[in-house]
Amino acid sequence: MELIDKLKWRYATKAMNGQKVSQEKIDNIIEAASLAPTSSGLQPFEIMVITNQEVKEKIRVIGWNQPVITDCSHLLVFAAWDNYTEDRINKVFDLTNEIRGFKNEGFENYRQMLLGLYPQRDPELNFQHAARQAYIAFSQSIAAAAFEEVDSTPIEGFDENALDEILGLRAKGLRSCVILPIGYRDVENDWLVNLEKVRKSKEDLVTLID
């Protein structure tokens, strides 16, 4: 399968060469994230696409000084909702009704169920739930980048509070979760580029219950 071959090709790139990724490829990577499944279809996150070098430099300082943060073409920051609110939930349901052109009783009942559940929960619990949805989209972006033969580096090693401040995320009701530099590998300077990919055996990974 072509997708499997691409996933075998990808790795967590440790050095990038600064070459720019075409806008078409970036758009496809973002579209893949948008098409990712999320709980109740709420898509409780936003993606910051950063090309400004000064901003990338600031993020590198609070990102364990990882060179790919500044040497990438585009830096994607996945930021989840800090909480589920009635307004946010209603906005998604209203958009769905608008696009589909009709209201469905079952769908509206589901809306009321969510409105009676999520906004009353602890905000931290809601953020953690939203963050897991962001990770689904994040993973899909990694796969899409590989399909486009574009390198990426999943990064959790950064100061979330500092990144939120740099990007003004808290004022938007968002909190950073994970970042994804997108670019092209620097073959001569990446120590990981020629090392064999190591994964668990199928026997260690999968338990069949039949």
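Residues numbered from 1 in each chain as written. Predicted model: local features only at pLDDT ≥ 70, side-chain atom pairs only at ≥ 80, totals over all residues. Heavy atoms only, no water.

(A) Summary view of the pattern of salt bridges. The final tally for this structure, using the stated rule, is eight salt bridges. Here E149 makes a salt bridge to K6, at a shortest N to O gap of 2.7 Å. Of this pair, E149 sits in the loop between α7 (123-147) and β3 (151-152) while K6 sits in helix α1 (residues 2-9), and the two are 143 residues apart along the sequence. A relative accessible area of 43% places E149 in the partly exposed class. Judged by its relative accessible area of 13%, K6 falls in the buried class. Between D164 and R170 there is a salt bridge; the shortest N-O distance is 2.8 Å. Overlapping salt bridges, with partners in common, bring together D94, E108 and R111 in one network. (Salt bridge = Lys/Arg side-chain N within 4 Å of Asp/Glu carboxyl O. Helix = DSSP H or I, 4+ residues; strand = E, 2+ residues; numbered from the N terminus. Buried < 20%, exposed > 50% of the residue type's maximum accessible area, 1.4 Å probe, protein only.)

(B) Seen up close, the pairing of strand β4 (residues 174-183). Burial analysis of β4 places 10 of its 10 residues in the buried class, which makes it a mostly covered element. One ladder, built from eight bridges, connects strand β2 (residues 74-81) with β4; its direction is antiparallel. Following the sheet pairing, H74 is matched in β4 by I182. Sheet topology places β3 next to β4; two bridges connect them, and they run antiparallel. Paired with S152 across the strands is I182, a residue of β4. (Pairing = 2+ DSSP bridges.)

Interpretation note: all reported values are geometric properties and have no functional meaning in isolation.
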